[in-house]
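# Overview (structure and organization)
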Amino acid sequence: PATIDIRWYVASFSSGVSVQRGEIAQSASTMNVPITAVPLNQSFVTWSKTTLTTSTGWDRDDSLVGEITTTTNLQFRCTGYSGTIAWQVIEYTSSSDILVQKATSSMTGGAVSATCTLGTAIDPAKTFVLVGYTNSDLATGLDIGDKLLQARVTGSNPTTTITVERSAPGNDDIGEILCQAVTLNDGSGVASGTTAFTAGQTTMTQALGAGITLDPTRAIAFSPVQASSGQNTGATPYVTDDIPGLASFTMSLTATQITVARNASVAAGSVYWTAVQLGVGAADRLVFFVQPSSSAAGTAISPAVRVEVQDSFGHLIPTSTANITVAIGTNPGTGVLSGTLMVSAVGGVATFGNLSINQVGNGYTLTGSSAGLTTAASNPFNIQYAEGKSRDRRARLPALCLTSAHASSCRFSRRRWPRAAASPRPT
């Protein structure tokens, strides 16, 4: 028998999250499961499925769609209906902590990609995706490559696009694709990436992303696509045999890396993975939330400069009271920074309301520092002459300079001299 490795996560919440779970034997192409009422935009569903032992290939009864169709109904749809589904409905009880959206698509006629378009734009650093699909074709050939999908959020932030792909076109139409986009606004952070295996490779380790450090005791890793075996599916171009192990993966995390593994390696495979740190992370860095603006020499920089304490995902740490010090970074005018230069953060934010620089110059920058945190650097700004003052000192000298051939210095006088008499006109 084939070896099956299982990696599992248990996420425990002290408050704010409610979970319903159960199992159902799938005896029809559509199955409805009554659930306790949940708000649709605060709840999402996960599942896994075991098929009957008589099912010898990976075919239309191995993929399915799970959807919370009403506040009290969970529905599963599948072209082939055999096996048992284990499910969980996860509800965030505060609407300010989460937004769940759904979008649909399909992949037919040999297409290798499809797009789910969301109604509200999302931040990829706060959003993870869960995708279910049905294989509507009755073909049962050994063509695993056109039956397995992978999915990811695409486009620049903010975006409304989820891209779903497969690595091999073929006989199987993907009749329904349902995307759940789960945006967490409670301080959780989301990292994502791609791991691509060549034939012969079974394990790969890579960085989570530039500057990303998470707490492995509060983080989970998974693939967005939920096929029969849970949230672990990727894609493969292999079409010679049904070997789901080519694109079924386990994932483990450290603070800065993810390790992705598979058990079959006769062909290439790839997966779009997601790592979610649940809840606000540890303080990691400082960021200028309100940048210094150009001002006159010797006058307070306005509006007040503000420096935030953030985790590695860029989320504010509202409990931080770190002592933050600002200083001049780039100093084009040999200026001196005055004002209150060290402030304790309140709610994770330090506000500097009386900063000034005494010398003019273009391209000043400030730095913000605190013990144990990555230093922040501000955008460039300028210090200008005060209004009514000129940069040409000579312009402030008296208007008349009287000199003598024997004088060693120029004397300045404010005396008013009488106007010379006009010369008579010639007659």
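So, here is what we can say about the structure in this document. The model shown is predicted, which means the values in this text are computed figures rather than measured ones.

## A word on the overall build of the protein
Secondary structure assignment for the protein yields zero helices and 34 strands. Here the protein, with 427 residues, has 42% of them falling under the buried criterion. Restricting to contacts in the protein with at least 6 residues of sequence separation, those with at least 24 account for 71%.

## As for the sheet that holds strand E2 (residues 30–34)
Within the open sheet, the three strands sit side by side as E2-E5-E4. Their pairing is antiparallel. In this open sheet, the two edge strands, each paired with only one partner strand, are E2 and strand E4 (65–70). Taken over all neighbouring pairs, the strand axes of this sheet differ in orientation by 25° on average, direction set aside. In the sheet, E4 pairs with strand E5 (residues 73–77) via five bridges, with the strands oriented antiparallel. Of the residues in E5, the one forming a bridge with Glu67 is Gln75.

## Side note on the pairing of strand E11 (residues 159–165)
The element E11 is extensively covered by neighbouring structure, given that five of its seven residues are classed as buried. Across six bridges, strand E8 (residues 113–122) lies against E11 in antiparallel orientation. Within the sheet, the bridge partner assigned to Thr117 lies in E11 and is Thr161. Direction of pairing for strand E10 (residues 150–154) relative to E11: antiparallel, over a ladder of five bridges.

## Points about the sheet that holds strand E1 (residues 17–25)
Taken in spatial order, the three strands of this open sheet run E1-E6-E3, and their pairing is antiparallel. Strands at the two margins of the open sheet, each flanked by one partner only, are E1 and strand E3 (43–50). For this sheet, the mean inter-axis angle between neighbouring strands, taken without regard to orientation, is 15°. Here nine bridges tie E1 to strand E6 (residues 84–92), and the two strands are oriented antiparallel to one another. The partner of Val17 across the bridge, within E6, is Tyr92.

What counts, and at which threshold
- Residues numbered from 1 in each chain as written.
- Predicted model: local features only at pLDDT ≥ 70, side-chain atom pairs only at ≥ 80, totals over all residues.
- Heavy atoms only, no water.
- Helix = DSSP H or I, 4+ residues; strand = E, 2+ residues; numbered from the N terminus.
- Buried < 20%, exposed > 50% of the residue type's maximum accessible area, 1.4 Å probe, protein only.
- Contact = heavy atoms within 4.5 Å.
- Pairing = 2+ DSSP bridges.
- Axes fitted to C-alpha atoms, helices over the stretch in contact; angles between N-to-C directions.

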